[in-house]
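# Breakdown of the fold
Each chain, letter by letter, is given below.
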Amino acid sequence: RRTQFASPDLWKMVMKQPAGTKTKKKKNRTTNVFGETIGRLHLEKQDIDKRQGKKSKALRLADKLEKEEEVAAIEDELGREEQETKNEFKQTYGFEA
């Protein structure tokens, strides 16, 4: 039996263990009764609104029709505004430009 402990620096050197002896615990991993490994993945929350999914042909056609209607409405509005400015000019100056 030993009644005296070694000096602190010698004790520290003797008690040091190599880095590779401890194995890392594998977290969130279990094995079921059939021997299959089952794990849990932790992912960031996904923003579904920003994701682009595959659109069906009907949706693509609907988007195309909607854009065409929008363009037609804008052109119609521009035509009306142009006509109004021509009428105002004619009323103000008495002739068409």
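Residues numbered from 1 in each chain as written. Predicted model: local features only at pLDDT ≥ 70, side-chain atom pairs only at ≥ 80, totals over all residues. Heavy atoms only, no water.

### Description of the packing of aromatic side chains
Scanning the entire structure with this criterion turns up three aromatic pairs. With centroids separated by 5.5 Å and ring planes inclined at 85 degrees, the aromatic side chains of Phe 5 and Trp 11 adopt a geometry described as edge-to-face. The class for Phe 5 is exposed, based on a relative accessible area of 70%. Look at Phe 89 and Tyr 93: their rings are 4.7 Å apart centre to centre, the planes differ by 50 degrees, and that puts the pair in the tilted class. With Phe 89 and Tyr 93 both in helix 2 (residues 57-93) and four residues apart, this pair spans about one turn of that helix. The class of Tyr 93 is exposed, set by a relative accessible area of 53%. Aromatic ring contacts, followed pair by pair, group Phe 89, Tyr 93 and Phe 95 into a single cluster. (Phe/Tyr/Trp six-rings, centres within 6.5 Å; stacked < 30°, edge-to-face > 60°. Buried < 20%, exposed > 50% of the residue type's maximum accessible area, 1.4 Å probe, protein only. Helix = DSSP H or I, 4+ residues; strand = E, 2+ residues; numbered from the N terminus.)

### Focus on the pattern of salt bridges
Considering all chains together, one arrives at two salt bridges under this definition. The residue Arg 80 makes a salt bridge to Asp 76 at a minimum N-O spacing of 3.2 Å. A residue pair is termed a helical-turn pair when its members lie 3 or 4 positions apart in one helix, as Arg 80 and Asp 76 do in helix 2 at four residues. According to the relative accessible area criterion, Asp 76 is partly exposed, its value standing at 45%. One salt bridge in this structure joins Glu 82 and Lys 86, with 3.8 Å as the shortest N-O distance. Here Glu 82 and its partner Lys 86 are both found in helix 2, four residues apart, which amounts to about one turn of the helix. Residue class for Glu 82 comes out partly exposed when judged on its relative accessible area of 47%. Look at Lys 86 and you get partly exposed, because its relative accessible area is 47%. (Salt bridge = Lys/Arg side-chain N within 4 Å of Asp/Glu carboxyl O.)

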